[in-house]
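# Examination of the molecular architecture
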Amino acid sequence: MQTLTVDLGERAYPIHIGPGLLNQAALVLPHLKQKRAVIVTNTTVGPLYLNRLSHTLSGAGVQVESVVLPDGEAYKNWETLNTIFDALLTRRAERKTTLIALGGGVIGDLTGFAAACYQRGMPFIQVPTTLLAQVDSSVGGKTGINHPLGKNMIGAFYQPQLVLADIDTLATLPDRELSAGLAEVIKYGLIRDLPFLEWLEANMDKLMARDTEALTYAIYRSCRNKAEVVAADELESGQRALLNLGHTFGHAIETGMGYGVWLHGEGVSAGTMLAADLSRRLGLISQADVERIAVLFRRAGLPVVAPDLGHDAYMDFMGVDKKVEAGRIRFVLLRKLGEAYVSGDYDPEALRATLTETVGAS
Ligand code: NAD
Ligand code: GLY
């Protein structure tokens, strides 16, 4: 097992990464404020891993209850959030009861937001079971839900007590979801870690073959990058926004196509290609750089052509992005491979060209 710390002073917490962690109560017990936990999961992950985690905790004397939600991005909404509140109130969950998110990023974001709101804040633990959640969404305390008009628009920064990334759970992950997670892994290389990008180019075939050593290293290195960024800028007043490379376009794709049609990681991949194209049109990176990025995404089984939602629809969806300032959409751009920055200072004609000439069929 490898352990990293998200260094946030009195709210610092560990990320444990390794096999067999769902069986290790000793990793969880020090983080409980009372011997009671409610596990939130969904209809896909529940049948696979809920019994194992419940058994581990109840074997250590913890009173364990569960809430099983419907599966899918389309359920990351108010109604599902209320289901969690209903369950917590019906069972008289207390402020010191711990909420445990067992699942991918949808479960993690919903559960974290529920924990932030219930009785104005109860402790929560992330047990991510997708690659995407293990490398990104379980770390850093962004929680929330979607709105029909915009992705992740309602939410809170609320840090977990612990992240437990059991890599054994990835054995049951569908190939398409593994690829989606790799989009966020590649992101770290592109925005701030060129040696990792080069490592990914050398090892993508191993990752796609689910080589345990390669996957563990990619998760560890991704979490290290994320933990450093979050520790430096928890509330996204500066560099944390770089973690949104491709997301402004990607969120528009997810919202425009209907939540769940394109997976989040697929939106990030195609969205990053639009961000790379815009960076090229602005004279920042070369066509060869753009091609190099596309090759890596393709090798990861990811789409590199964004759907043609229409220029105006893209602009509408991106107009509610959280990086918008004084009505101006700001993008994460690539200064070079391994270095990114956020800017609202770009030629609108370059953006128009990206949104009309670089997209494919919707
Ligand atoms: P997801 O939560 O929908 O999980 C993907 C699918 O895999 C689901 O059907 C799920 O039930 C299933 N699944 C999960 N674990 C499994 C396992 N071990 N075996 C088999 N099936 C399994 O999607 P995701 O890609 O994990 O997360 C995407 C969400 O995360 C989006 O809503 C996105 O906005 C959010 N996100 C949040 C942050 C953040 O910082 N909070 C960062 C990135 C993404
Ligand atoms: N996934 C982007 C962030 O956590 O800031």
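You'll find the structure just up there.
Here's what I pulled together on the structure shown here. In this text the structure is predicted, and so the values were computed from the model without any measurement.

## Remarks on the packing of helix α6 (residues 175–192) against helix α10 (residues 264–281)
Taken N-terminus to C-terminus, the directions of α6 and α10 make an angle of 45 degrees; their axes are 7 Å apart at the nearest point. Our classification of the angle between α6 and α10 gives oblique. For the pair α6 and α10, the crossing hand works out as left-handed. The segment α6 lies against α10, with Arg176, Ala180, Ala183, Glu184 and Leu190 engaging His264, Gly265, Glu266, Val268, Ser269 and Thr272. For the contact of α6 with α10, the class distribution of residues is 4 nonpolar, 4 polar and 3 charged.

## A closer look at the pairing of strand β10 (residues 331–336)
Here 5 bridges tie β10 to strand β11 (residues 339–343), and the two strands are oriented antiparallel to one another. Bridge pairing in β11 places lysine 336 opposite glutamate 339. Between the end of β10 and the start of β11, which pair antiparallel, lie 2 residues, with glycine 338 showing a positive phi angle near 95 degrees.

## Comments concerning the packing of helix α9 (residues 247–257) against α10
Packed helix pairs are specified by the crossing angle of their axes together with the interaxial distance, meaning the distance between the axes. Their axes nearest at 7 Å, the elements α9 and α10 cross at an angle of 135 degrees. If you check the angle between α9 and α10, you find them oblique. Between α9 and α10 lies a crossing whose hand is right-handed. Along the contact surface, α9 presents His247, Phe249, Gly250, His251, Ile253 and Glu254, while α10 presents His264, Gly267, Val268, Ala270, Gly271, Leu274, Ala275 and Leu278. Partitioning the contact of α9 with α10 into residue classes produces 7 nonpolar, 6 polar and 1 charged.

## Side note on empty space enclosed by the protein
Summed over all chains, the structure comprises 2 cavities of 30 Å³ or more. For the largest cavity, the calculated volume is near 90 Å³. Going through the elements one at a time, β8 (150–157), α9 and α12 (311–318) are the ones with two or more residues in the lining of the largest cavity. When residues of the lining of the largest cavity are assigned to their parent elements, the largest contribution, 4 residues, is made by α9. Split into classes, the residues belonging to the lining of the largest cavity amount to 6 nonpolar, 4 polar and 3 charged. Lining the second largest cavity, in full, are Asn244, Gly246, His247, Thr248, Phe249, Ala275, Phe331 and Val332. Residue assignment for the lining of the second largest cavity shows that the elements contributing at least two residues are α9 and β10. No other element matches α9, which puts 3 residues into the lining of the second largest cavity.

## With respect to the environment of alanine 275
The residue alanine 275 is located in helix α10 in this model. Judged by relative accessible area, alanine 275 falls into the buried class, the value being 1%. Separated by 25 residues in the primary sequence, alanine 275 and glycine 250 place their C-alpha atoms 9.7 Å from one another. Ignoring anything within four residues of it in the chain, the contact list for alanine 275 reads Leu245, Gly246, Phe249, Val332 and Leu333.

What counts, and where the lines are drawn
- Residues numbered from 1 in each chain as written.
- Chains lettered and ligands numbered in written order.
- Predicted model: local features only at pLDDT ≥ 70, side-chain atom pairs only at ≥ 80, totals over all residues.
- Heavy atoms only, no water.
- Axes fitted to C-alpha atoms, helices over the stretch in contact; angles between N-to-C directions.
- Helix = DSSP H or I, 4+ residues; strand = E, 2+ residues; numbered from the N terminus.
- Parallel < 35°, antiparallel > 145°, perpendicular 65-115°, else oblique.
- Left-handed = near helix turned anticlockwise from the far one by under 90°.
- Contact = heavy atoms within 4.5 Å.
- Nonpolar A, V, L, I, M, F, W, Y, C, P; charged D, E, K, R; others polar.
- Pairing = 2+ DSSP bridges.
- 1 Å grid on protein atoms, 1.4 Å probe; cavity = no way out; pocket = protein on both sides within 12 Å on 5 of 7 lines; lining within 4 Å.
- Points joined across faces, edges and corners; volume = space filled by probe spheres on them.
- Buried < 20%, exposed > 50% of the residue type's maximum accessible area, 1.4 Å probe, protein only.

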